[in-house]
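Overview (structure and organization)
Residues per chain are reported as follows:
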Amino acid sequence: MGEIKLMREELLPPAPPPPRRHLISIGDLTRHDVERLLSTARAFERSLDREMKKLPTLRGRTVVNLFYESSTRTSSSFELAAKRLSADTMSIKAAGSAVDKGESLKDTALTIGAYDPDVIVIRHPQIGAPHVVAANTSAHVVNAGDGKHQHPTQALLDLYTIEGELDRIEGLHVAIVGDVLHSRVARSTTQALVLMGARVTLVGPPALLPRGIEALGCETSTDIGAIAAADVVYVLRMQRERMEEGANYVPSLREYSARWGVTPERVRPDQKVMHPGPMNRGVEIDGRVADAAHSLIETQVRAGLVTRMAVLYDLLTNGPVGVQTAVVEEVA
Amino acid sequence: MLFAREAPKDDLVIRGARVVDPGQGLDAMVDVRVDGGTIAQIASDVDVNGHRVVDALGLVLAPAFVDPHVHLRTPGREDEEDIASGTRAAAAGGFCAILAMPNTDPVVDSTAVLGALVEAARAQAGSELTEMAELADAGAAAFSDDGVPVASAGLMRRALQYSGVTGRRLALHCEEPSLSRGGQMHEGPVSAELGFAGYPSVAESLMVERDLSLAAYEGRPLHLLHLSAHESVEALAAAQARGVEATAEVTPHHLCLTDEAVRSLDPNLKMNPPLRAEADRAALVDGLRNGNICAIASDHAPHARHEKEVPFEAAPFGVTGLETAFSALYTHLVEPGLLPLETLLDRMSAGPARAYGLGPPRIAVGAPANLVLVDPNASWRVKEESFRTRGSSARRSARRSA
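These lines cover the structure that appears in this document, whether it is placed above or below. (Residues numbered from 1 in each chain as written. Chains lettered and ligands numbered in written order. Predicted model: local features only at pLDDT ≥ 70, side-chain atom pairs only at ≥ 80, totals over all residues. Heavy atoms only, no water.)

Notes on the environment of Pro125(A)
- Its place among the elements puts Pro125(A) in the loop between β3 (119-124) and α5 (129-136).
- Setting aside chain neighbours within four positions, we find Pro125(A) in contact with Tyr68(A), Glu69(A), Gly147(A) and Glu313(B). (Helix = DSSP H or I, 4+ residues; strand = E, 2+ residues; numbered from the N terminus. Contact = heavy atoms within 4.5 Å.)

Here we look at the packing of helix α4 (residues 153-166) of chain B against helix α7 (residues 202-218) of chain B
Residues and elements named next belong to chain B.
- Where α4 contacts α7, the two axes come as close as 10 Å, and the packing angle between them is 45°. One element, α4, and the other, α7, form an angle in the oblique class. Regarding α4 and α7, the two cross each other, and that crossing is right-handed. Residues Ala-153, Met-156, Arg-157, Leu-160 and Gln-161 of α4 lie in contact with α7, whose contacting residues are Arg-210, Asp-211, Leu-214, Ala-215, Tyr-217 and Glu-218. (Axes fitted to C-alpha atoms, helices over the stretch in contact; angles between N-to-C directions. Parallel < 35°, antiparallel > 145°, perpendicular 65-115°, else oblique. Left-handed = near helix turned anticlockwise from the far one by under 90°.)

A closer look at the sheet that holds strand β15 (residues 222-224) of chain B
Residues and elements named next belong to chain B.
- Pairing in this open sheet of five strands is parallel, and the strands run β11-β12-β15-β16-β17 from one edge to the other. With one partner strand each, in any of the chains shown, β11 (143-144) and β17 (295-296) form the two edges of the open sheet.
- Note that β15 and strand β16 (residues 246-250) share three bridges and pair parallel. By the bridge assignment, Leu-222 is partnered in β16 with Ala-246.
- Contacts between α4 and the sheet are confined to β11, β12 (170-172) and β15, with β12 contributing the most and set at about 145° to the helix. (Pairing = 2+ DSSP bridges.)

Details of empty space enclosed by the protein
Residue and element names in this part refer to chain A.
- The tally for this structure, following the rule as stated, stands at five cavities of 30 Å³ or more.
- Residue lining of the second largest cavity: 13 residues in total, with Arg-73, Gln-154, Leu-157, Gln-300 and Val-301 positioned closest to the centre.
- Listing elements by their share of the lining of the second largest cavity, those giving two or more residues are α3 (73-84), α6 (152-166) and α10 (297-316).
- Here the lining of the second largest cavity gets six residues from one element, more than from any other, and that element is α10.
- In terms of residue class, the lining of the second largest cavity is built from five nonpolar, six polar and two charged. (1 Å grid on protein atoms, 1.4 Å probe; cavity = no way out; pocket = protein on both sides within 12 Å on 5 of 7 lines; lining within 4 Å. Points joined across faces, edges and corners; volume = space filled by probe spheres on them. Nonpolar A, V, L, I, M, F, W, Y, C, P; charged D, E, K, R; others polar.)

Comments concerning the sheet that holds strand β18 (residues 371-374) of chain B
Residues and elements named next belong to chain B.
- Strand order in the open sheet formed by four strands is β4-β3-β8-β18, with mixed pairing between adjacent strands. The sheet terminates laterally at β4 (26-29) and β18, the two strands that pair on one side only. On average, each strand axis in the sheet is inclined to that of its neighbour by 20°, with strand direction left out of account.
- As paired strands, strand β3 (residues 18-21) and strand β8 (residues 60-63) are joined by two bridges and run parallel to one another. Within β8, the position partnered with Val-19 by the bridge is Leu-61.
- Packing against the sheet, helix α13 (residues 341-348) makes contact with β3, β4 and β8, and its axis sits at approximately 55° to β3.

Below, the structure is given as structure tokens:
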């Protein structure tokens with residue numbers, strides 16, 4: 001009888017492969033996914049304290065970084081994260097590549113896809129670029145920033161930083177200050193904080209608070225005084241390079257700094273201050289605040305490495321089953 | 001410019017169909033006999049006279065459709081569409097006449113360009129008046145600024161005044177460019193979440209109100225192209241109630257879809273004006289039902305496939321629609337009971353013909369046999385390969401066959 005059963009199983013059509021997993025938007029994650037990623041990142045953080053920092057976990061895997069926009073911390077931390085996990089890495093920057101010769105994103109994706117990479121990390125100035133790469137390759141795609149849309153690993157490292165400092169996320173009040181309109185960081189981090197049960201207030205000049213953003217589950221205010229009640233003040237970069245000529249979002253940067261700049265007078269020492277970098281000291285944030293003891297800006301950078309290790313690990317080891325124990329064993 | 005297909009000179013008997021022509025008050029199970037392309041007899045049992053017999057039991061026979069808003073991309077971008085592929089697509093969608101918009105390269109605004117085309121044209125005015133009288137004599141059906149809205153109220157007033165000389169109405173694309181500039185989709189919660197620059201509904205309704213005010217002041221009729229916002233429908237209804245001779249059209253995609261669909265980031269959902277909120281969609285359906293909006297227009301705007309295989313933000317505006325218009329609307333509006341079939345047939349045929357002063361296709365003895373036969377029970381999957389158009393960007397909403 002057992003043999004007959006075996007034959008029957010052989011006659012079944014092969015099960016369809018599970019859908020390829022990507023990290024394109026925080027909206028694709030459940031609260032459980034986020035918790036899993038954060039705890040994996042914590043396990044990796046412990047491994048960084050060892051003398052031998054490299055883990056064999058992703059040996060033989062290939063991670064391609066495809067960057068169409070300048071980036072220091074994101075590209076370097078993805079590259080280092082892949083190397084710490086023993087993956088082979090390749091970094092392609094738009095300048096100096098076939099992109100300069102007018103190659104379309106689809107064709108670049110097909111070219112890179114021909115090498116069968118396991119993960120493609122993409123940063124691109126246009127919303128929807130990671131979708132084009134996902135549709136044209138068989139790699140897992142990680143969005144490292146697509147236009148004003150999403151930057152999900154930034155949101156995860158922000159959560160990791162907050163949880164590490166304050167031991168929780170649920171119930172905290174986070175004020176995000178500045179140019180929300182042009183900020184993918186504001187969008188992803190707000191979504192992630194709301195998902196984890198935090199209260200979020202977006203603060204900025206009226207023209208830089210997008211109409212309808214409250215649908216994410218946050219509050220908005222044009223009064224900088226609204227940051228006073230927050231546990232964490234998250235300062236956004238004033239994206240000068242995205243301010244179109246004559247758009248008149250604010251009358252001037254000087255007026256912006258005077259009204260919405262985060263200065264020592266506007267924050268208390270028991271409030272934590274964060275910034276995704278790079279900072280414009282003297283515009284959105286006063287240098288004294290950035291360098292103060294309650295600033296978490298350097299902690300964020302360190303969190304970026306382990307969080308991105310966790311994302312690569314999670315995508316390539318197919319999810320939650322036994323993730324934490326496996327990581328802990330390797331670390332030990 | 002108007003592309004009207006001559007009725008085929010066939011001899012034909014269509015038997016057993018539900019024959020519906022709202023303009024004639026006709027809705028009956030009768031046979032129709034066509035002699036040499038002209039309707040010769042409508043009766044419950046016609047003489048076959050040796051004609052070919054089409055068994056149309058269970059089908060609906062209606063006047064063929066008229067599409068007042070198509071981009072044929074000719075002259076200049078024949079890789080995207082040309083007259084042959086565009087009119088084949090129109091015929092497949094049940095249309096006997098289409099009006100082609102002049103935002104081509106070169107723009108159709110002189111008799112030289114017009115003459116190089118076929119028989120008639122519409123003109124595009126961006127910053128100066130075009131020679132409308134000469135163009136009207138050469139066969140332009142109306143004058144439109146589609147794709148390049150007239151920003152200056154003063155110029156719009158002059159154009160309205162001059163349209164009285166030509167006897168052709170202005171067909172206006174209402175968009176205030178300083179409000180819509182850079183906009184990728186409807187401004188609202190979805191654009192806020194996705195990070196797209198918003199194209200607010202007020203960018204349209206402000207211009208609708210301006211142009212209606214000018215039309216009222218000058219006492220001239222006008223036609224509003226592809227309305228998308230509920231504020232625009234309200235302004236139109238108020239102006240019509242005051243006696244302004246205004247007509248308007250709406251596209252199948254604005255009647256069937258909302259900005260929620262853009263969450264997929266599918267570049268085929270990028271169009272101008274953009275898909276708007278549910279309240280806007282509902283107001284457009286209401287306006288269509290009660291007659292404030294008299295015409296459905298596909299705004300068929302084909303693009304080459306590679307132009308739509310890019311990130312949403314980089315994609316051009318526009319979708320195809322000639323071959324899917326009726327099916328999509330039947331599925332989304334008629335089947336759920338939101339719109340009577342007779343109203344849909346009117347708004348796709350007699351409505352747009354009236355708005356442009358064209359003779360409406362009709363089912364009457366002596367009329368040319370411009371007919372469409374619809375199978376309301378068939379369902380089909382929209383596939384790019386089976387399209388006649390060269391554009392590949394069809395909406396995915398159509399499920400019923402025309």
